[in-house]
Amino acid sequence: MAMLVNRPTLDSLRHMPVGEMIALPAEHLALLQQDAREALEAAKRLADWIEAAIALRYEQRAIAARGAAGKDTGTVRFQDGSVEVVAELPKRVEWDQGRLAALAEQIRAGGEDPTEYVEVSFKVPERAYAAWPERIRQAFEPARIVRTGKPSYRLTILSETARRDSPHAGNLGSIG
C-alpha cells in the first residue's frame, strides 16, 4: 500500500491527460472514484443547504407576490437589491379515482361518452378541466385534489442597466 501515498488528488486530475489517468494503478483509480463520489455527495448536501436558506429567505415574499397576482401556484419575480428572484411553485393536481369512476358511470348513464371528459386511467388533464362547462367542473370538483410541488428559486445578479429597466424595480430591497 506504500504506492498509494503518492496517488494523485482530484484537483491534479483536472490537468492530467486521459492517457496518464488510465495508466494509474487500479487502486489509485478506485480511491479517486471514491473521492469523487464523496465530493459529489458533499456538494449535493451543500447545494441542498443553500437552497433551504434561499427558500427560507424568500418564501414569504413569494407567497405575497403570488397573492398580489391572484394565484396560489406558478412563477413570480421580484428583486432583492441587484438580484432578481424567480420563485416557482408548481401545481400538482391529483384526482380521486373512485369519484372519477362513479362520475364516468353517471356520464355514461346519461347517454354521453365519459372518454370525452376523463382518460381511461381516471386522470383529468388540467387544461381540459379548465375548459369544461361549469356544470361539469362542479360535478368533478370533489374528486380534484390540488397539491403544490417543491418550490424553487433562481437568483440572477442583474447589471445596473437591467436593474434600472426591470419591471420589478419597484420591488427592490432586502429581507431581514
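Our structure is the block above this text.
Residues numbered from 1 in each chain as written. Predicted model: local features only at pLDDT ≥ 70, side-chain atom pairs only at ≥ 80, totals over all residues. Heavy atoms only, no water.

## A look at the pattern of salt bridges
This is how it is decided: Here, a salt bridge means any side-chain nitrogen of Lys or Arg that lies within 4 Å of a carboxyl oxygen of Asp or Glu. Elements are defined by DSSP. Helices are runs of H or I of four residues or more, strands are runs of E of two residues or more, and each kind is numbered from the N terminus. Exposure classes here rest on a 1.4 Å probe applied to the protein chains alone. A residue is buried below 20% of its type maximum, exposed above 50%, and partly exposed in between.
All told, the structure shown has 11 salt bridges when counted by the stated rule. Across the salt bridge formed by Arg-147 and Glu-94, the nearest N and O atoms sit 3.0 Å from each other. In this pair, Arg-147 sits in strand 4 (residues 144–148) while Glu-94 sits in strand 3 (residues 91–95), placing the two residues 53 residues apart along the sequence. In this structure Arg-147 comes out as partly exposed when scored by relative accessible area, which is 38%. Each of Lys-91, Glu-126 and Arg-144 takes part in a single network of salt bridges with overlapping partners.

## Section: the nonpolar core
Put simply, the rule is: What we call a nonpolar core is a set of buried Ala, Val, Leu, Ile, Met, Phe, Trp, Tyr and Cys residues that are connected through their side-chain atoms within 4.5 Å. Residue contacts follow a heavy-atom distance rule, with two residues in contact if any of their heavy atoms lie within 4.5 Å.
Membership of the largest hydrophobic core comes to 13 residues, with the highest contact counts inside it found for Trp-95, Leu-100, Val-124, Trp-132 and Phe-140. Of the residues forming this core, the biggest block, 4 residues, is contributed by helix 4 (residues 97–109). Sequence-distant contacts of Trp-95, defined by excluding residues within four places in its chain, comprise Leu-100, Phe-122, Val-124, Glu-126, Tyr-129, Phe-140, Ala-143 and Arg-144. Listed in part, the 9 residues of the second largest apolar core include Ile-54, Tyr-58, Phe-78 and Tyr-153.

Interpretation note: all reported values are geometric properties and have no functional meaning in isolation.
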